[in-house]
Amino acid sequence: MKKSRRGIIKFAALGAGLLLTPQGRPLLRSAKAEGRRKIVFASAEPLTGNWDPTTHTILAQLNIEAQIFGQLVRCPMRSDNPLEIVYELATAQKITDTYTIEYTLRRDVKFHNGAEFTAGDVKATMEYASQQDKPGAFWYPGPVEVEVVDRYTARVHTNKGNFPASMMTFAAAAWPMLSAADVNDPATLRTRPNGTGPLKFVEQKGNDTILARNPDWTSGSLAFDEFVFSHIPDGTTRVLAVLSGEVDIIERLEPEQYATLSKDNRVKLTRTVANENKYMHFRCNKPPLDNVLLRKAIAYAIDRDQVAQVVGAAATPSNCYLNPAKFGYIDIPEYPRFDAAKCQELLKQAGFPKGNGLPEIEYLVSEGFYPKNKEYAEIIVAMLQEQGIPAKLTVMEVAAWLERIFQKKSTVPYADIVDVGWSTGTPEPNFILKAQFLSSKALFNGINDPEIDAIIELESKEPDIDKRREIIQTRTLPTIAEKMPSFSLFTSVLIHATRANLEGVYFYPSGAMDLSKAHYT
Amino acid sequence: MVFLLGFLARRLLQGAAIIGLVSFAVFALLRVIPGDPVRLMLGPMTPDYVVEQTARQLGLRDPLLLQYLRYMKGVMKGELGRSFTKAPSGEAVGGNLDLNRGERAKVFDLIAGTLPLTFQLAGLALVFAIIIAVPLGLLGGLHADRWPDSLALYVASVFVSVPNFWLGIMLALIFTAQLGWIPSIGYNGFVYTVLPALVIAVEIAPIVIRSLTVSVAATMQQPFVEIALLRGLSRRQVIISHVLRNSAVPVLNLFGVQLGTLLGGVLIVEYIFSYPGLGFLTVQSVLQRDFPTIQAIAMVTTSVFVLINLLVDLISAYVDRRLDY
């Protein structure tokens, strides 16, 4: 082409046109997040529960519900005061007899649709949510009946569920309060959430769920207008998103990402000791691990310090089936530590000297959800093989693993050992003890031990909180350790990253967030 | 015209058979592989009997053939079913007590909502690939055994060696996270398509470069090229009017084959960039075991593949009149 003024002008015009979108905005622009009045959270999991909190137990859904729905009480489970109770919709709770607890409610609290929150809503919520055929009934120790004493006083009776009212002290921190009108209209309840929380539901757009500040929130005033819950499944993408400013908070960082980002002044990192322990659940209802001596031999073959090193920043050592934020937590005396000689002695007593005669033991883990669990499982398998135990590792994608880990009455359980983390949002220990060690539940290990059953029932029915703690610490936990239906490897640590100029976000050990004091500097 | 209609009818029948086979294979495999969609909907703490109850309500415990026939009956009526997990807005909704399945998103709507974004991504990727590959391939073919040929070879080798997921992360790290020039995570405007499209373009360009280089070089050896030059046509005229057209047919056929690479690349790239297209929907659906959505996506992508290859054949026949049906 000949060089001419016309040619140069044409070229320049073409270049400028290429840089503009049809709307006249520059094509290349800063990738920063919009404004300072919006907080965007990138979640590793999608929301897969519907808006009726009783119909699911999905962690991500629970986390967003914590922003929308109010609760009678909350338990921040801070490391310096793990059993602290913060009153929210209730101003006081009082155990009036073994099977009754009375709540005094805060006045002038409104749902997002303008209706006032009263004792009638507490009655409707609890009686609805505690029905045992509901997925969300997991959070209730049993069905309850609620008496409306007056507009702002509700008395909850637990004798129908045969559990003492004292168990509600901490369990209530897992119960979102619904409107009675919504409970009576399940179709509406499922399609949009209506709570009393600081944020109210606006809409869902594709993979984003948008919440707006509730101007009528009685517990304070948020320093931002909008909260967006965005699903970004890939961990690296989440990190890139927070570095670029596209999102403000991310969760589930890998340990090596923690190490890298701790040098980056664009983000702040938070480590929170989680409400979750990682367990090896032995299939106690299937040979060869129906043999308690073999189970204990396996426990003594594992160096938990090495395992925790592999997990790095995402783990903290633990010698208990409960995590430190749980009521009754204690370092269990004589909890197995690595001891090769002890392992060999137990193998011999079990009838498998040096592992001879043992069939292959399959250890099932997932990949893509918990940090580093494939890596530490590989080390554990090597440790077992070193002791002569013929272990084999099976790694599955999360959905496949989730289907295989549960005990089912009609089939032989899959694998011999399964790796599972268990996180519950309150200090109430029975969400772990009953779910995992009571023979009528025993979700993963299938243990059926009358002694364990008896000691869990004993502590469950103890109305005195100090006596209950003593039973858990001196009898329940040591008994479980002695029977070894499962082996707790470590307590998980949640790692979050936030933009450096975002302050005041508190992360609960369950992964939920308290945004009441969140603000940009 | 009769031959054309006959050709179309044959190819469409073959396509229908392929779609039928793929739909049954995907349908059956989903129900055989581990992963219970109901458990994923309800969560890990739900009692087993509640999971079974919900599964029966959804018809997931019926015999496989019955489930398939029920599904295909709906497909014949134009109903691709409703998602197990997504609400009409596109976000997920699960749980049980959802006796009114009408609350769940129609799979057709989910696909229709995400397909345009994927077409946009694929289209821009093709444009980038053509911008990269055609000049390089042409130069390489016109100057065979000289440095442009070597350059085309080296560039193609580098591009084919670079893993697309690594390239995507690097581009996002440099241009989005560090420099802040081009946003790329999620979607909030056309500009979010640029980096993902570039990654896919790098993936599909190498084979176009090599094939065009070889094709152009081979065509330049043809006697008619020498004769055309001897007849007095300029080199430029010969290349544009004769060489390109004759070289195009193998490359056009390649685009049909490259569609498979394109669709596969879109899946990974959309996941890395959280780009809300059909690929991202596919990954989400697989992870959540959203059976109706996975089945429908399999049928849609098979149909697209069949139709694109049919189109490529038709265009090739138009370009090169020596080809017939």
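Bear in mind that the values here come from a model prediction, so they are computed numbers and not experimental data.

Scoring rules and cut-offs
Residues numbered from 1 in each chain as written. Chains lettered and ligands numbered in written order. Predicted model: local features only at pLDDT ≥ 70, side-chain atom pairs only at ≥ 80, totals over all residues. Helix = DSSP H or I, 4+ residues; strand = E, 2+ residues; numbered from the N terminus. Rg over C-alpha atoms; globule rule 2.2 N^0.38 Å. Buried ≥ 20, exposed ≤ 12 C-beta atoms within 10 Å, placed from the backbone. Contact = placed C-beta atoms within 7 Å. Right-handed = clockwise from strand over helix to strand, strands pointing away. Pairing = 2+ DSSP bridges. Axes fitted to C-alpha atoms, helices over the stretch in contact; angles between N-to-C directions. Domains from an automatic or database assignment. Parallel < 35°, antiparallel > 145°, perpendicular 65-115°, else oblique. Left-handed = near helix turned anticlockwise from the far one by under 90°. pLDDT = per-residue confidence, 0-100. Nonpolar A, V, L, I, M, F, W, Y, C, P; charged D, E, K, R; others polar. Core = buried A, V, L, I, M, F, W, Y, C linked by C-beta atoms within 7 Å. Expected span 1.5 Å × (residues − 1). Arc of directions from axis to C-beta.

Engineer: Would you explain the overall build of chain A in this entry?
Structural biologist: Check the secondary structure of chain A and you find 16 helices and 21 strands. Taking 521 residues into account, the globule formula puts the C-alpha radius of gyration at 24 Å, and chain A, at 26 Å, falls close to it. Principal-axis analysis of the C-alpha atoms places the extent of chain A at approximately 95 × 70 × 40 Å. Expressed as a percentage of its 521 residues, the buried residues of chain A come to 52%. Of the contacts formed within chain A by residues at least 6 apart in sequence, a portion of 67% connects residues at least 24 apart.

Engineer: Could you clarify how one ought to interpret the overall build of chain B in this entry?
Structural biologist: When you go through chain B residue by residue, the secondary structure sums to twelve helices and zero strands. Each helix and strand of chain B, placed in order from N terminus to C terminus, yields the pattern α-α-α-α-α-α-α-α-α-α-α-α. Based on the C-alpha atoms only, the size of chain B along its principal axes is roughly 85 × 60 × 30 Å. Looking at chain B as a whole, 39% of its 325 residues are labelled buried.

Engineer: I'm lost on the pairing of strand 14 (residues 361-367) of chain A in this one. Help?
Structural biologist: Every regular strand shows the same layout, with side chains that alternate between the two sheet faces. Residue and element names in this part refer to chain A. Extensive coverage of strand 14 is indicated by the burial of five of its seven residues. Since strand 14 and strand 15 (residues 391-397) lie parallel, the crossover through helix 12 (residues 373-386) that links them has a hand, and here it is right-handed. In this structure, strand 14 lies alongside strand 16 (residues 417-423), joined through two bridges in parallel fashion. Residue pairing in the sheet places Tyr 363 in a bridge with Ile 417 of strand 16.

Engineer: Quick question: what am I supposed to make of the sheet that holds strand 4 (residues 90-97) of chain A here?
Structural biologist: Remark on secondary structure: sheet strands pair via backbone hydrogen bonds, oriented parallel or antiparallel. Residue and element names in this part refer to chain A. The strand order 4-5-7-6 describes an open sheet built from four strands, whose pairing is antiparallel. The open sheet has two free edges, formed respectively by strand 4 and strand 6 (145-150), since each of these has just one partner strand. Between one strand axis and the next, the sheet turns through 20 degrees on average, direction left out of account. Bridge count between strand 6 and strand 7 (residues 153-157): five bridges; the pairing is antiparallel. Each bridged residue has a counterpart across the sheet, and for Val 148 the counterpart in strand 7 is Ala 154. With respect to the sheet, helix 3 (residues 119-129) is in contact with strand 5 (100-105), strand 6 and strand 7, its orientation differing from that of strand 6 by roughly 180 degrees.

Engineer: I tried to follow the environment of Lys 392 of chain A on my own but got confused; where do I start?
Structural biologist: Residue and element names in this part refer to chain A. Its place among the elements puts Lys 392 in strand 15. With 14 C-beta atoms packed within 10 Å, Lys 392 lands in the partly exposed category. Linking Lys 392 and Lys 268, residues 124 residues apart in sequence, is a C-alpha distance of 40 Å. Not counting the four nearest positions on each side in its chain, Lys 392 is found in contact with Glu 360, Ile 361, Glu 362 and Tyr 363.

Engineer: Before we go on, may I ask you to explain the pairing of strand 5 of chain A in this structure?
Structural biologist: Residues and elements named next belong to chain A. On strand 5, burial follows the alternation: Ile 101, Tyr 103 and Leu 105 on one face are buried, whereas Thr 100, Glu 102 and Thr 104 on the facing-out side are not. Looking at chain direction, strand 4 and strand 5 are connected through six bridges and run antiparallel. Residue pairing across strands places Ala 92 opposite Thr 104, the latter belonging to strand 5. Hairpin connection from strand 4 to strand 5: two residues lie between these consecutive antiparallel strands.

Engineer: It is not clear to me how the domain arrangement of chain B should be interpreted in this structure. Could you clarify?
Structural biologist: Quoted interface sizes are often the accessible area lost when the parts come together. Domain annotation for chain B reports domain 1 (2-89) and domain 2 (113-287). Once you take the C-alpha centre of each, domain 1 of chain B and domain 2 of chain B turn out to be 34 Å apart.

Engineer: Whenever I open this one, the packing of helix 15 (residues 450-461) of chain A against helix 16 (residues 465-483) of chain A confuses me. Can you help?
Structural biologist: Two packed helices can be described by the angle between their axes and the distance between those axes. All names here are of chain A. Packing of helix 15 against helix 16 leaves a shortest axis separation of 9 Å and a crossing angle of 165 degrees. Between helix 15 and helix 16, the angle is such that the two are roughly antiparallel. Relative to helix 16, helix 15 is oriented so that their crossing is left-handed. Across from Glu 451, Ile 452, Ile 455, Ile 456, Leu 458 and Glu 459 in helix 15, the residues of helix 16 making contact are Arg 468, Ile 471, Ile 472, Arg 475, Thr 476, Thr 479, Ile 480 and Lys 483.

Engineer: Just to check I follow, could you spell out the confidence of the model for chain A for this structure?
Structural biologist: A low pLDDT score tells you not to read the predicted coordinates there in detail. Of the residues in chain A, 93% have a pLDDT of 70 or more, and the chain-wide mean is 90. Note on residues 19-33 of chain A: pLDDT under 50 across the span, and 26 contacts to partners over four residues away in sequence or across chains.

Engineer: So what exactly am I meant to see when it comes to the environment of Cys 343 of chain A here?
Structural biologist: All names here are of chain A. Its location among the elements puts Cys 343 in helix 11 (residues 340-350). The spatial distance from the C-alpha of Cys 343 to the C-alpha of Ile 302 is 9.3 Å, given a sequence separation of 41 residues. Setting aside its immediate chain neighbours within four residues, Cys 343 contacts Ala 297, Tyr 300, Ala 301 and Gln 387.

Engineer: What should I look at first to understand the packing of helix 6 (residues 147-161) of chain B against helix 8 (residues 194-220) of chain B in this one?
Structural biologist: Residues and elements named next belong to chain B. Helix 8 packs onto helix 6 with a crossing angle of 150 degrees between their chain directions and a minimal axis gap of 8 Å. Between helix 6 and helix 8, the angle falls in the class roughly antiparallel. With respect to the hand of their crossing, helix 6 and helix 8 are arranged in left-handed fashion. Between helix 6 and helix 8, the residues in contact are Asp 149, Ala 152, Val 155, Ala 156, Phe 159 and Val 160 and Val 202, Ala 205, Pro 206, Ile 209, Arg 210 and Thr 213, respectively. Each residue belonging to the contact of helix 6 with helix 8 can be placed in one class, and the counts come to nine nonpolar, one polar and two charged.

Engineer: Sorry if this is basic, but what is going on with the environment of Asp 208 of chain A here?
Structural biologist: All names here are of chain A. Here Asp 208 lies in strand 9 (residues 208-213). Its 17 C-beta neighbours within 10 Å are what place Asp 208 among the partly exposed residues. The spatial distance from the C-alpha of Asp 208 to the C-alpha of Phe 41 is 9.6 Å, given a sequence separation of 167 residues. Beyond its immediate chain neighbours, meaning those up to four positions away, Asp 208 contacts Val 228, Phe 229 and Ser 230.

Engineer: What should I look at first to understand the nonpolar core in this one?
Structural biologist: One broad trend across soluble globular proteins is that nonpolar side chains are buried collectively. In this structure, Tyr 363 of chain A together with Ala 125, Ala 201 and Ala 205 of chain B are the most contacted members of the largest nonpolar core, which totals 223 residues. At 14 residues, the largest contribution of residues to this core is made by helix 8 of chain B. Viewed by domain, this core spans two of them, domain 1 (2-89) and domain 2 (113-287) of chain B, each represented by three or more residues. Other than its neighbours up to four places away in sequence, Ala 125 of chain B contacts Ala 197, Ile 200, Ala 201, Ile 204 and Leu 262 of chain B.

Engineer: Mind showing me how you'd approach helix 6 of chain B here?
Structural biologist: Structurally, the α-helix is built with 3.6 residues per turn, so residues lying three or four positions apart point the same way. Residues and elements named next belong to chain B. Helix length check: helix 6 (15 residues) gives 21 Å between terminal C-alpha atoms against 21 Å at 1.5 Å per residue, within 8%. The complete set of buried residues in helix 6 reads Ala 152, Ala 156 and Phe 159. Angular distribution of buried residues about the axis of helix 6 spans 65 degrees; they occupy a single face of the element. In this structure, helix 6 carries Trp 147, Ser 150, Tyr 154, Val 158 and Ser 161 as exposed residues pointing more than 90 degrees from its buried face. If you follow the buried residues of helix 6, they end up packed against helix 5 (107-142) and helix 8.

Engineer: Looking at this structure, I do not really get unusual backbone geometry. What am I missing?
Structural biologist: Phi is mostly negative for residues that are not glycine, and the peptide bonds are mostly trans. Residues and elements named next belong to chain A. Between Pro 287 and Pro 288 the backbone carries a cis peptide bond, its omega angle lying at 0 degrees. Locating Pro 288 in the fold gives a position in the loop between strand 12 (267-282) and helix 9 (292-301). Of note, Glu 334 is a non-glycine position whose phi angle comes to about 65 degrees, a positive value. Residue position: Glu 334 is located in the loop between strand 13 (315-316) and helix 11.

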